[in-house]
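Inside the fold
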Amino acid sequence: MAATRAALARPPWLVAGILAVVAAALGVTVFAVLPGSKEHRQNSVGNSSLSGQERAAMQAARIETVNLLTYARKSFDADWARAMAGATGQLKSDLQTDKATTQQNLTKNKFDVTATVTDVGLVGGDTRSGFQVLVVASGHRVDDSGTPSAAIPSRIQLTMTKAAGKWLASDLVGGLS
């Protein structure tokens, strides 16, 4: 009977030992292997684990988002030209057809629009096909008295492609308010 009790007492220690080995293996995987993986890095502009090209594409996406969402009636043509200068491909074609409508809406409703970017993240891609960059922005309508509206959130994904040494937005997915 005493031999049976001793045999039954060992398995819990054996199970605990196996669980400790498994936990240690998971800890090594989570803390050593995954942070070096490109898919699991922090994807912010200031992250040093991103390449210079990735950070440059993200910064260009930040700037182009502000340009795409900021127009004043007094300087509309210059504002539009600035947004067009950061675009290429299908996005540039789409912008060219939207200019008159955008200007008419601003004039008719008597407001300007302005935006700030609150966050930027790298979704994926490469230097050859372009980087997909997710941008979170807050837009505001500003009336003639200078009073801004409540924030209008926008989440967009820009495809940033390099042309003539400059990162340009070639495609936009998501909502511009």
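Here the structure is shown first, and the text comes after it.
Summary of the structure given here. As the structure is a prediction and not an experimental result, all values here were calculated from the model. (Residues numbered from 1 in each chain as written. Predicted model: local features only at pLDDT ≥ 70, side-chain atom pairs only at ≥ 80, totals over all residues. Heavy atoms only, no water.)

1. Examining the nonpolar core
Among the nonpolar cores identified, the biggest contains 31 residues, and Y71, L91, L95, V133, V135, L158 and M160 are the most heavily contacted of them. Of all the secondary structure elements, the ones that give two or more residues to this core are α2 (52-69), α3 (76-85), α4 (89-109), β1 (111-126), β2 (130-143), β3 (152-163) and β4 (166-174). Setting aside anything within four residues of it in sequence, one finds M160 in contact with A57, A60, A61, G130, F131, V133, W167, L168 and A169. (Core = buried A, V, L, I, M, F, W, Y, C linked by side-chain atoms within 4.5 Å. Buried < 20%, exposed > 50% of the residue type's maximum accessible area, 1.4 Å probe, protein only. Helix = DSSP H or I, 4+ residues; strand = E, 2+ residues; numbered from the N terminus. Contact = heavy atoms within 4.5 Å.)

2. Observations regarding the sheet that holds β2
Sheet architecture is open: four strands sit in the order β1-β2-β3-β4, paired in antiparallel fashion. In this open sheet, the two strands that pair with only one neighbour each are β1 and β4. Across the sheet, the axes of successive neighbouring strands diverge by a mean angle of 30 degrees, strand direction being ignored. Pairing of β2 with β3 involves nine bridges; the strand directions are antiparallel. Residue Q132 lies in a different strand from β3, and its bridge partner there is T159. Along the sheet, α4 contacts β1, β3 and β4; its crossing angle with β4, the most-contacted strand, is approximately 70 degrees. (Pairing = 2+ DSSP bridges. Axes fitted to C-alpha atoms, helices over the stretch in contact; angles between N-to-C directions.)

Fair warning: the whole summary comes from geometry, so function is off the table for now.
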